[in-house]
Amino acid sequence: MMTPSSNTSHPPTQEAPLQQLSLLDIFFPGASLASSTIQQILAGDLGSYAHLMYLFGLLGLLSPYIYKLKAFLEGSFTSTVYVQSTDETYNMVLEWISSRGLDGAARSSIVRVKKQNGREDPIGKAKKALSFSPWHGSFIFRHRNSFLSYRTSLADVGFRKEEELSITCLGRSPKTVKDFLNECKDEYLRLNRNKTTVFRNRRDCWERVAVVEARPLSTVILADTQKQSLIKDVGEFFDKRTRRWYSTRSVPYRKGILFYGPPGTGKTSLSLSVAGRFGLDIYTASVSTVNDQMLHDLFTKLPPQCIVLLEDIDAATATHCRGAGSANASKPADKESVTLSGLLNAFDGVASQEGRLLIMTTNHIRKLDDALIRPGRIDRKVEFQLVDRDLATQVYRLVFEEPADVVSTGKSQAKDQLRVEQLSIEFAAKIPDHEFSPAEVLSFLIPYRDSPSCALENVEEWAAHTLKEKRSKEAGPCEDGMSNRDRTSANHGKYLLSFLKFWG
Ligand SMILES: Nc1ncnc2c1ncn2[C@@H]1O[C@H](COP(=O)(O)OP(=O)(O)OP(=O)(O)O)[C@@H](O)[C@H]1O
């Protein structure tokens, strides 16, 4: 006999699973449709064409879940480190990848003309060599005993997009990726030992533009006492004890140096040499192409110990002195230009990096506002001059003497050196004092680099001819109809006038 309860019990229908599925639909929209499609396919009651259509439909329905599942698995079982293209780590990874030939593994690459790093012959086959780096895609490579995934993408940075790469490893700990990145860094530093990396600003970011051989100090011509005292000063600044001294007294650990003098006298060359001597990188920015915000950002992005080189600082009108009572510090020329206060904030602001050496160069020290070069901002001024006898001798010897690392102790070499020394004295006697820059003398001498006596024979004629040309250029009218010499006297007049006004 059947019990009432058994009478009222539900027959085994499909209602229960359907209820479950519609519940499932709340959390996973489309799940019931996907399920019934699977059931029909499995039942095999469809034609082959309909099969295919169903399969595609099914994939379409499942794709959001596949992406979610992938993101879930990546988030739960892998670790990723992102590297922005504006950071030096990016160069480190790319060099590692390309040195292993892994860039060939990427199916999508970007090509660029290779930057010279001083290791290749810039002519011959290496001329305009192309470099390929992975782009817009990913590939897997092996590092030690792990598999890593390399991926590039474009990331939003403010209003623009920047290239970004990411390295992913299996596991919840990023240690494998960190070990890999540290290896990239060590290899990069090893390859670039005795080299100076030069960064230039691209808007508010630093971009690596060149890796050059460190320039020996002996190749920069400057009075010996000036050179030695500068090197001692910079050496003391970067000494650990000095750093400690500054930090224990809460004095901002920064230093500023001004190189001033006529064009072509070695200001940039000495900056590079100082960087090479202390194994520092150079960050150079053109102040006339940035505004206050960009300059601020650039200074905050500097590494702890480096040289910041601001060449031809007087090119930005904000740096000019404007006489007593002017509101120079607060009046911007326009929104896109840097102001004096913007410059001073970047130099002294709290965000400015500790341990940086700022080198400013100018051809016109008298144009500069006193606030810019006051002690505390500029601790040392180095004057570069046109050649006198001593400097002319040094330029000649730089061209004709064998460099120290090539000189052998053989008798003939010693004789050659003695001869070059004697010729250098004769050469210097034929160059009028304070008329030519070392760059001018060098450009005369370099074509004679294999013939020191020929240079000596022709120097007088060259000096007379070049001097004549200079004089006529100085006397010639410029765009405003005023000769350079007239302008110089007018400027001197202006200086005198403001001086007199100042003293009432
Ligand atoms: N004192 C110097 N010692 C060695 N080389 C020099 C010297 N002065 C100039 N030169 C050579 O002349 C060229 C220009 O020099 P550099 O750019 O250093 O001069 P600068 O004073 O910075 O010029 P500017 O004021 O125009 O920027 C370089 O190739 C450099 O090698």
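For the chain, an unreviewed UniProt entry supplies the name Mitochondrial chaperone BCS1 and the organism Emericellopsis atlantica. The Catalytic activity (unreviewed entry) comment attached to the chain in UniProt states, word for word, "ATP + H2O = ADP + phosphate + H(+)". A UniProt comment under Sequence similarities (unreviewed entry) is attached to the chain, and it reads "Belongs to the AAA ATPase family. BCS1 subfamily."

In regular strands, side chains alternate between the two faces of the sheet. Judged by how many residues are buried, strand β9 (residues 254-260) sits mostly within the fold: 7 of 7 residues are covered. Side chains Arg254, Gly256, Leu258 and Tyr260 project from β9 onto one buried face, and the interleaved Lys255, Ile257 and Phe259 project onto a second face that is buried too. Here β9 runs beside strand β12 (residues 356-362); their pairing, made up of 7 bridges, is parallel. Counterpart to Ile257 in the pairing with β12 is Ile359. Relative to strand β13 (residues 380-383), β9 runs parallel, the two sharing 4 bridges. Within the sheet, the bridge partner assigned to Phe259 lies in β13 and is Val382.

Two pairing modes exist for strands in a sheet, parallel and antiparallel, and in both the strands are linked by backbone hydrogen bonds. The 4 strands lie next to each other as β1-β6-β5-β4, forming an open sheet whose pairing is antiparallel. The open sheet is flanked by β1 (78-84) and β4 (138-143), the only strands paired with a single partner. Direction aside, the axes of adjacent strands within the sheet are offset by 30 degrees on average. Strand direction decides the pairing type here: β4 and strand β5 (residues 146-157), joined by 6 bridges, are antiparallel. Of the residues in β5, the one forming a bridge with Phe141 is Leu148. Where helix α5 (residues 88-99) meets the sheet, its contacts fall on β1, β5 and β6 (160-170), and the angle it forms with β1 comes to roughly 110 degrees.

Parameters and conventions
- Residues numbered from 1 in each chain as written.
- Predicted model: local features only at pLDDT ≥ 70, side-chain atom pairs only at ≥ 80, totals over all residues.
- UniProt positions renumbered as here; feature names shortened; annotations may be inferred.
- Buried ≥ 20, exposed ≤ 12 C-beta atoms within 10 Å, placed from the backbone.
- Helix = DSSP H or I, 4+ residues; strand = E, 2+ residues; numbered from the N terminus.
- Pairing = 2+ DSSP bridges.
- Axes fitted to C-alpha atoms, helices over the stretch in contact; angles between N-to-C directions.
- Contact = placed C-beta atoms within 7 Å.

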